[in-house]
Amino acid sequence: MSSAQENTASSTWLEGFQQAAPSQRHTLLLEQLQAEQTVLDAEALGYAVASVNQMLAHHNLYAEMKVITNLLKQRYPEQYQTILPAVLMLEFDEALADRAPERLSALLEQFFNYAEPIPEALWLTLIDRMSYHQYGDQAANLARQLLDRLEEADRNDEDPFQNRLRETLLLDGIQTCWRNPDDAAIQSAYDDLIVSLGFDQDPEIREIVYQQRDADMATQLNVVLEKFSKRATYSAIHNGQMAFGRWMLDQHGLNLYTSAEIMSHAVMLWRQNPAREDAGLDLKTLVKLDSDQLDAYFEAYTQESGSPDELLTLCWGLPLVYDWLYELGHVPAEARSELKHWLEPHQQQVVEELAQALWSYDFVHLWPRPSQVTGAEFEAESRQFAATRNQSEPLSDDPADSALFDEDEDMLNEDMLGFMMQQLSQLGPEEQEQLLGMMANEFGEDAADEMAALISDPSQVITEFGELIKKQPPSH
């Protein structure tokens, strides 16, 4: 068969595959993998495998996934390598669910040994998952390994991925100091950590990282109010994280990384408080929520294609923040009950969308139980999450269901940018400039300039800015 004929055969098969129902896609792929010689070129085969495996994983059809994996490994080793990260990720989630940390190191080593660069987002997911499952030491160790493996020429203080790794190590260092306040060697090790992360180069940054370690809860909360009064609301997140995180560590043993992620959602919600710019703003006013505020934040986050991990952190973590505020006397008892009621439909939406994948998100039941949830409710929900690991359902025979697994990347970009547009329109000039700089790194200078011009009219983002983004793919 000539090259042109091979391309035609592959294209024809792919057209039929794209029009097929999930169950038919599975059958079509198996036929090609078991045939004496596939008609598919490498790109078409890779697309088909990714599509079918995503469907099988969503329905917990792991045995069927392993059949595809083994066929690829035996007959198409190059293609097998392309799906290896997904295979390892499933095994990683299984190790976490089994509470088997001894398996994590070997899996991480396989990630490191993978022939192609692992996407930065996947590394961060691994750090998140270990932290949320309370394997914070392993998460910090991974962050250190990733930083240490960077070539000197690749080190960049402005790189978002590297900054996330540094933040992980900083939080681990602060937590270690809190746990060992009288250990001079550990306090000295924090000094070394600050130097190794480059936080000692700027006097202002150096002051901040020591303030985060040393200031007590009341001081941190006063700084939160001060920053809100100055419209420096993004930097207020860090002080809120330290105040809440120290309480969660002392009272419940929850690691600082997890509580920091939870608290970031709370502060971002408070940014939507209409009274946030009042000169005499107090904490009781700032932290007051209403259902519309919460609904808008959740909807914006889902439109931004927030990851399931982030949505779980928001919906299951926020009640812990309000338990803390209640203990401090900043919210009344009824506010916690209202929050539980307002969150229930959002939690239900997350549960329904994750379906059989819920088992890999049972980490929320390793966290403290919110006061408004009874012990029986908490245990029943944990059993519900865990039970999905052994639940599966057949692939659909409806061709329309295949579209659920064919993401439109341009639409995802537009949703994300719409959310960012709304956020930008609420910021002060300095914060707008900072966020626009981050967007320039991600989407290019032209895109950031266009975004700046549209801030006054966020509704234009889809009609005008979407086309520009399609021409300006992310720089990485």
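Scoring rules and cut-offs
- Residues numbered from 1 in each chain as written.
- Predicted model: local features only at pLDDT ≥ 70, side-chain atom pairs only at ≥ 80, totals over all residues.
- Heavy atoms only, no water.
- Axes fitted to C-alpha atoms, helices over the stretch in contact; angles between N-to-C directions.
- Helix = DSSP H or I, 4+ residues; strand = E, 2+ residues; numbered from the N terminus.
- Parallel < 35°, antiparallel > 145°, perpendicular 65-115°, else oblique.
- Left-handed = near helix turned anticlockwise from the far one by under 90°.
- Contact = heavy atoms within 4.5 Å.
- Nonpolar A, V, L, I, M, F, W, Y, C, P; charged D, E, K, R; others polar.
- Buried < 20%, exposed > 50% of the residue type's maximum accessible area, 1.4 Å probe, protein only.
- Arc of directions from axis to C-beta.
- Core = buried A, V, L, I, M, F, W, Y, C linked by side-chain atoms within 4.5 Å.
- Expected span 1.5 Å × (residues − 1).
- Phe/Tyr/Trp six-rings, centres within 6.5 Å; stacked < 30°, edge-to-face > 60°.
- Lys NZ or Arg CZ within 6 Å of the ring centre and 35° of its normal.
- pLDDT = per-residue confidence, 0-100.
- Patch = residues over 30% accessible without salt bridge, like charges linked within 9 Å, V, L, I, M, F, W, Y side chains within 5 Å.
- Areas by Shrake-Rupley, 256 points an atom, 1.4 Å probe, with all protein chains shown as cover.
- Salt bridge = Lys/Arg side-chain N within 4 Å of Asp/Glu carboxyl O.
- Lys, Arg positive; Asp, Glu negative; His and termini not counted.
- Charge placed at Lys NZ, Arg CZ, Asp CG, Glu CD.

J.: Kindly report on the packing of helix H16 (residues 291–303) against helix H18 (residues 333–354), identifying the contributing residues and their values.
T.: In contact at an axis separation of 10 Å, H16 and H18 are set at 20° when each is read in the N-to-C sense. With respect to their mutual orientation, H16 and H18 come out roughly parallel. Every pair of crossing elements has a handedness; the one defined by H16 and H18 is right-handed. Touching Ser291, Leu294, Asp295 and Phe298 of H16 are Leu339, Trp342, Leu343, His346, Gln349 and Val350, all from H18. Residue composition of the contact of H16 with H18, grouped by class: 6 nonpolar, 3 polar and 1 charged.

J.: Break down helix H6 (residues 102–113) for me, citing the residues and quoting the values.
T.: Along H6, the positions that sit buried rather than exposed are Leu104, Leu107, Leu108, Phe111 and Phe112. One side of H6 carries all its buried residues, which in axial view fall inside an arc of 145°. In H6, those exposed residues whose orientation departs by more than 90 degrees from the buried face are Glu102, Ser105 and Asn113. Its buried side turned inward, H6 meets helix H5 (77–97), helix H7 (120–132) and helix H8 (136–148).

J.: Pulling in residues and values, what's your account of the nonpolar core?
T.: Core analysis: the biggest nonpolar cluster contains 128 residues, and Phe92, Trp270, Leu318, Val321 and Tyr322 have the highest contact counts within it. Looking at this core, the element that brings in the most residues is helix H17 (residues 308–328), giving 11 residues. Discounting residues that sit within four places of it in the chain, Trp270 has contacts with Phe228, Met263, Arg276, Leu286, Val287, Leu289, Gln293, Val321, Tyr322 and Leu325.

J.: How would you summarise helix H19 (residues 375–387) if you had to cite specific residues and measurements?
T.: The periodicity of an α-helix, 3.6 residues per turn, causes residues three or four positions apart to be oriented the same way. With 13 residues, H19 extends 18 Å from end C-alpha to end C-alpha; this agrees with the ideal 18 Å at 1.5 Å per step. Where H19 is concerned, the buried positions are Phe378, Glu381, Ser382 and Phe385. The arc that holds the buried residues of H19, viewed along the axis, is 100°, so those residues lie on one side. In H19, those exposed residues whose orientation departs by more than 90 degrees from the buried face are Ala376 and Arg383. Looking at the buried side of H19, the elements it contacts are H17 and H18.

J.: Give me the packing of aromatic side chains: which residues, what numbers.
T.: Tallying each qualifying case throughout the model produces 14 aromatic pairs. Taking 5.6 Å as the distance between ring centres and 35° as the angle between the ring planes, the aromatic pair formed by Phe363 and Trp367 counts as tilted. Residues Phe363 and Trp367 agree in their burial class; the two are buried. Clustering of aromatic rings is evident, with ring pairs tying together Tyr132, Tyr257, Tyr361, Phe363 and Trp367. The positively charged end of Arg336 is found above the aromatic ring belonging to Tyr326, 3.7 Å away from the centroid.

J.: Got a sec to walk through unusual backbone geometry? Specific residues and values, please.
T.: Look at Gln134: it is not a glycine, yet its phi comes out positive at around 70°. As for its position among the elements, Gln134 is in the loop between H7 and H8. For Gln134, a relative accessible area of 25% corresponds to the partly exposed category. Residue Ala355 is not a glycine yet carries a positive backbone phi of 50°. Examined against the element boundaries, Ala355 turns out to sit in the loop between H18 and H19.

J.: Pulling in residues and values, what's your account of the packing of H7 against H8?
T.: Between H7 and H8, the shortest axis-to-axis distance is 7 Å and the interhelical angle comes to 160°. The orientation of H7 with respect to H8, classified from their angle, is roughly antiparallel. The interaxial crossing formed by H7 with H8 has left-handed handedness. Taking contact as the criterion, the partners of Trp123, Leu126, Ile127, Met130 and Ser131 in H7 are, on H8, Gly136, Gln138, Ala139, Leu142, Ala143 and Leu146. Looking at the contact of H7 with H8 residue by residue, the classes come out as 8 nonpolar, 3 polar and no charged.

J.: Explain the confidence of the model for the protein chain residue by residue, including any values.
T.: Confidence in the prediction for the protein chain averages 85 pLDDT; 84% of positions are at 70 or higher. Least confident of the elements in the protein chain is helix H23 (residues 461–471), whose mean pLDDT is 34; most confident is H19, at 97. In the model, residues 408–420 has pLDDT below 50 throughout and makes 24 contacts with residues more than four positions away in sequence or in other chains. Contacts from residues 456–476, a stretch scored under 50 in pLDDT, to residues over four places away or in other chains number 36 contacts.

J.: Quick one: what's the story with the side chain of Gln175, residue by residue and with numbers?
T.: Within the element layout of this structure, Gln175 appears in helix H9 (residues 160–179). On the basis of relative accessible area, Gln175 is assigned to the buried category, the value being 6%. Setting aside its immediate chain neighbours within four residues, Gln175 contacts Leu249, Asn255 and Leu256.

J.: Go over a negative patch on the surface, please, and point to the residues and values.
T.: Together, Asp290, Asp292, Asp295 and Glu299 line one region of the surface with negative charge. With respect to the element layout, Asp290 can be found in the loop between helix H15 (283–286) and H16.

J.: Quick one: what's the story with the environment of Gln145, residue by residue and with numbers?
T.: Mapping Gln145 onto the fold places it in helix H8. Gln145 sits in the partly exposed class, given a relative accessible area of 24%. It is 9.7 Å that separates the C-alpha atoms of Gln145 and Phe112, two residues lying 33 residues apart in sequence.

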